[in-house]
Structures are given as C-alpha cells and as structure tokens.
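So the chains spell out like this:
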Amino acid sequence: MARTIPFIFVAGWLILLTSAPVRAGVTLDGDTCRQVFDNPRAEHIACRTGFRLDAATRARLESSSFGLVSDISCAAELTADRSEVISRVHAGGDVALPQQEVRCKLVSGGDPLPVRFHLAPVVRIDKKTRRAVDARLGIRDLTGIPEPLATAVAEFLNAEPTLRKSLVQAANEILPNLPPR
C-alpha cells in the first residue's frame with residue numbers, strides 16, 4: 001500500500017485535467033475518484049480512474065507512430081491514505097511518486113490490444129508559492145506490443161506537451177484546496 005499512496009494526488013490532478021472540456025489532451029473515463037478525493041472525511045481512498053485521448057492528441061499519436069497506433073485509453077485502480085499524500089505535498093520540491101501499473105487498450109490497425117505500463121510521475125512544487133511548476137509523467141516498461149513500437153508510444157506520452165501542461169494546471173487547482181499543515 002505504501003507504493004500507491006501519492007498516486008492519488010496525481011490521479012486527482014488527472015481527474016481535474018480531464019473534467020473540464022476546455023482542456024486539451026485527455027478526457028476522463030470511468031472515474032470514481034473525484035467524489036472520494038473531494039470528501040475531506042475520507043482518510044482511506046480507494047477508487048478507479050481512467051482516461052482517453054482527445055481527437056487532436058490521437059492524431060499526434062498516430063502521426064508520431066507512423067500510423068501504427070491510432071488511439072489509447074487507460075484505467076488504474078488507486079488506493080491511498082489522505083494524510084500521507086498531504087504531508088508529501090506540503091514538503092514541496094520534487095515529489096517523486098512511486099511507480100503504478102496502468103492498464104490500457106491501444107488501437108493498432110483497428111483492433112484494440114491490451115497493454116500495460118508503469119507510471120512514475122514527478123511533480124515539482126515551488127516551496128515558496130506552494131504551486132506546481134512542472135511535471136514529468138515517467139511512463140516506462142510498456143508491454144503488450146513489440147519494440148520499437150512500445151518505446152515510441154511511451155516516448156510520445158512522456159513528451160506530449162499538452163499532457164504535462166494540463167497536469168501542472170490541474171495540480172494548481174487542487175493545491176489551494178488542501179488543508180494546511
């Protein structure tokens with residue numbers, strides 16, 4: 001369980017970045033985390049969340065994979081203890097989050113393929129302003145498709161600027177709502 005503790009904070013950011021239609025990159029799919037995360041009385045958080053790419057991001061994925069991959073949608077089961085998440089955020093600096101397994105359906109040639117990858121994000125929080133200033137997704141170890149396609153998909157998702165920017169933006173929406181130390 002210690003490995004999953006801070007991931008809910010990133011999941012909260014993913015939930016926020018996907019819940020507003022004006023955000024580019026991803027849309028929320030099958031989420032139960034937002035209502036649990038928003039409940040300040042819930043010390044133990046257990047939920048499911050997922051995402052799918054918007055049309056513009058799907059087009060960039062298809063282009064960067066030379067037409068081999070046309071879409072990807074993902075889901076993850078998350079658990080956390082709220083107090084531990086909050087203490088890591090209050091510490092500030094680079095908050096390296098433990099690796100999490102994410103399960104996806106990748107569309108290649110019209111057929112969905114089950115793939116998995118590890119997500120190990122790092123979120124940089126400015127200690128003075130208590131705002132997120134950068135985020136790295138840390139997607140690696142993609143399995144279920146052959147190399148070099150697996151590496152190309154992981155590199156695409158890690159480098160996709162709208163995903164990183166949206167993650168930082170969403171984090172900055174959550175941070176002011178966290179309780180003080």
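Structure shown above.
A few points on the structure.

Parameters and conventions
- Residues numbered from 1 in each chain as written.
- Predicted model: local features only at pLDDT ≥ 70, side-chain atom pairs only at ≥ 80, totals over all residues.
- Heavy atoms only, no water.
- Pairing = 2+ DSSP bridges.
- Helix = DSSP H or I, 4+ residues; strand = E, 2+ residues; numbered from the N terminus.
- Axes fitted to C-alpha atoms, helices over the stretch in contact; angles between N-to-C directions.
- Buried < 20%, exposed > 50% of the residue type's maximum accessible area, 1.4 Å probe, protein only.
- Core = buried A, V, L, I, M, F, W, Y, C linked by side-chain atoms within 4.5 Å.
- Salt bridge = Lys/Arg side-chain N within 4 Å of Asp/Glu carboxyl O.

Structural notes on the sheet that holds strand β4 (residues 93-96)
Alright, step 1. Ordered by their spatial adjacency, three strands build an open sheet running β4-β7-β8, and the pairing between neighbours is antiparallel. Two strands bound the open sheet, and with one partner strand each, they are β4 and β8 (131-136). The mean inter-strand angle of the sheet, taken between neighbouring strand axes irrespective of direction, is 25 degrees.
Alright, step 2. Sheet topology note: the strand β7 (residues 122-126)/β8 ladder contains five bridges and is antiparallel. Within β8, the position partnered with I125 by the bridge is A132.

Observations concerning unusual backbone geometry
Alright, step 1. Going from E147 to P148, the amide bond is cis rather than trans, its omega being 0 degrees.
Alright, step 2. Take P148: it is sitting in the loop between β9 (139-143) and α5 (149-159).
Alright, step 3. Notably, F66 is not glycine yet its phi reads approximately 55 degrees, a positive angle.
Alright, step 4. Of note in the backbone geometry, D141 takes a positive phi value of approximately 60 degrees without being a glycine.
Alright, step 5. For D141, the location among the structural elements is in strand β9.
Alright, step 6. By relative accessible area, D141 is classed as partly exposed at 43%.

Remarks on the sheet that holds strand β3 (residues 71-81)
Alright, step 1. Here we have six strands laid out as an open sheet, ordered β1-β2-β3-β5-β6-β9, and antiparallel in their pairing. The open sheet terminates on both sides in strands that have one partner only, identified here as β1 (26-28) and β9. Neighbouring strand axes in the sheet, compared pairwise and without regard to direction, differ in orientation by 25 degrees on average.
Alright, step 2. Bridge count between strand β2 (residues 44-53) and β3: nine bridges; the pairing is antiparallel. Its bridge partner being in β3, R48 is matched across the sheet by E77.

Here we look at the nonpolar core
Alright, step 1. Core analysis: the largest hydrophobic core is formed by 45 residues, its most contacted members being I72, F117, I145 and V153.
Alright, step 2. Element by element, the count of residues in this core is highest for α5, at six residues.

Remarks on the pattern of salt bridges
Alright, step 1. Counted according to the given criterion, the structure contains five salt bridges.
Alright, step 2. Notably, a salt bridge pairs E101 with R103, separated by 3.4 Å at the nearest N-O pair.
Alright, step 3. The salt bridge partner of R164 is D134, with a shortest N-O separation of 2.9 Å. Of the two residues, R164 is situated in helix α6 (residues 161-174) and D134 in strand β8; the sequence distance between them amounts to 30 residues.
Alright, step 4. Of the residues examined, D134 reaches a relative accessible area of 24% and is grouped as partly exposed.
Alright, step 5. Counted as one network, the salt bridges with shared partners bring together E101, R103 and R116.

So, the pairing of β7
Alright, step 1. As paired elements, β4 and β7 share four bridges and run antiparallel to each other. By the bridge assignment, G93 is partnered in β7 with I125.

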